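Each chain is listed here by its residues.
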Amino acid sequence: MAIGVGWVLFGVPWLVMLGGALFRRGGAVELRRQWRFWVVPPLVAALAEALVYVGAPVRVRFELSRGSLEHLAQTVSAGTPPEEQRWIGLYPVKYLEGSRGAFGFMIKDAGFFGSYGFAWSSNGEPDIDAPGSYRHFDGRWYVWSDD
């Protein structure tokens, strides 16, 4: 949805400007001379869209937060109940759920119609006493959605 809004906000004005430049006197010559000015914005937009499509922002944020996430996972799997957290790495925490061998947290303000977060389990799909579904993400990590 955000990609569509971006194309409307930036793509439509770009097309209008391109059309205006084409229909000006000597426009085609001027466009050839300034081709970088006209080519770079759509290429940058397409690259950003491709990165979002393949999940690069989610993966980078997760990897930058991995140390904090793994530390909390080890603490909970050792039997220590999770303390209230405001942040885990780069993620603002809405709430935490944990049990021996598994824990999960919901990310504050993630999702339009539901909540999303991550769950960790030492053996298989997390067994957390909270509603939701799990989709494998990486290693022992799962994406947790409360549907």
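Above this text is the structure in question.
Cut-offs used in this document
- Numbers given for residues are sequential positions, taken from 1 along each chain in its written order.
- Whole-chain, interface and lining totals are the exception, using all residues; otherwise, since this is a predicted model, local features are given only for residues with pLDDT of at least 70 and side-chain atom pairs are given and counted only at 80 or more.
- Only hydrogens and water are removed before side-chain values are computed, so all heavy atoms of the structure are retained for them.
- Strands here are runs of E lasting at least two residues and helices are runs of H or I lasting at least four, both read from the DSSP assignment and numbered beginning at the N terminus.
- Each residue is placed in one exposure class: buried if its accessible area under a 1.4 Å probe, protein chains only, is under 20% of its type's maximum, exposed if it is over 50%, and partly exposed if it falls in between.
- Every residue pair with non-hydrogen atoms within 4.5 Å of one another is taken to be in contact.
- A strand pair is defined by DSSP finding two or more bridges across the two strands.
- Axes, fitted as lines to C-alpha atoms, cover a helix only where it is in contact. Angles between the N-to-C directions of the axes lie from 0 to 180 degrees.
- Each aromatic pair joins two rings of Phe, Tyr and Trp (for Trp, the six-membered one) with centres within 6.5 Å, and gets the label stacked for planes under 30 degrees apart, edge-to-face for over 60, and tilted for any other angle.
- Sitting over a ring, as applied to charges here, requires NZ of Lys or CZ of Arg to be within 6 Å of the ring centre and within 35 degrees of the ring normal.
- Definition used for salt bridges: Asp or Glu carboxyl oxygen within 4 Å of a side-chain nitrogen of Lys or Arg.

## What about the overall build of the chain?
Scanning the chain for helices and strands turns up 4 helices and 6 strands. Helices and strands in the chain line up, N terminus first, as α-α-α-α-β-β-β-β-β-β. For the chain, the C-alpha atoms occupy an extent of roughly 75 × 30 × 25 Å along the three principal directions. Here the chain holds 147 residues, and 29% of them are scored as buried.

## Describing the side chain of Ser 145
Position of Ser 145 among the secondary structure elements: in strand 6 (residues 141-145). Residues within four places of Ser 145 in sequence aside, it is in contact with Met 106, Ser 115, Tyr 116, Gly 132 and Ser 133.

## Let's talk about the sheet that holds strand 4 (residues 116-121)
With antiparallel pairing, 6 strands are arranged side by side in an open sheet as 1-2-3-4-6-5. Edge positions in the sheet fall to strand 1 (87-88) and strand 5 (133-138), since each of these pairs with one other strand and no more. Across the sheet, helix 4 (residues 56-77) lies against strand 1, strand 2 (91-99), strand 3 (102-107), strand 4, strand 5 and strand 6, angled at about 35° from strand 2, the strand it touches most.

## Things to note about the packing of aromatic side chains
In total, this model carries 11 aromatic pairs according to the counting rule given. Each ring, one from Phe 62 and one from Phe 137, has its centre 4.9 Å from the other, and the planes form 70°; the classification is edge-to-face. A residue pair is termed long-range when its members are at least 10 positions apart, and Phe 62 in helix 4 and Phe 137 in strand 5 qualify at 75 residues. Like Phe 62, the residue Phe 137 is buried in the burial classification. Judged by centre distance (5.4 Å) and plane angle (65°), the ring pair of Tyr 91 and Phe 118 falls under edge-to-face. Of the two residues, Tyr 91 sits in strand 2 while Phe 118 sits in strand 4, which places them 27 residues apart along the sequence. One aromatic cluster is present, formed by Phe 62, Tyr 91, Phe 103, Phe 105, Phe 118, Phe 137 and Trp 141 through successive ring pairs. Sitting over the ring of Phe 137, Arg 59 keeps its end group 4.3 Å from the ring centre.

## A few points about the environment of Asn 123
Structurally, the position occupied by Asn 123 is in the loop between strand 4 and strand 5. Along the backbone, Asn 123 and Ala 46 are 77 residues apart, and their C-alpha atoms lie at a distance of 40 Å.

## With respect to the pairing of strand 3
Of all 6 residues in strand 3, 6 are buried, a share of seventy percent or more. Of the two faces of strand 3, the one holding Ala 102, Gly 104 and Met 106 and the one holding Phe 103, Phe 105 and Ile 107 are both buried throughout. Two elements, strand 2 and strand 3, share 6 bridges in a ladder whose sense is antiparallel. Pairing of Tyr 95 across the sheet is with Met 106, part of strand 3. Between strand 2 and the antiparallel strand that follows it, strand 3, lie 2 residues; Gly 101 among them carries a positive phi value of about 95°. As defined by bridge partners, strand 3 adjoins strand 4 across 5 bridges and the pair is classed as antiparallel.

## Observations regarding the pattern of salt bridges
Counted by the stated rule, this structure contains 5 salt bridges. With a closest N to O distance of 3.2 Å, Glu 70 and Arg 66 form a salt bridge. With Glu 70 and Arg 66 both in helix 4, this residue pair falls 4 residues apart, about one helical turn. Several salt bridges share partner residues, and in doing so they unite Arg 59, Glu 63, Arg 66, Glu 70 and Asp 138 into one network.

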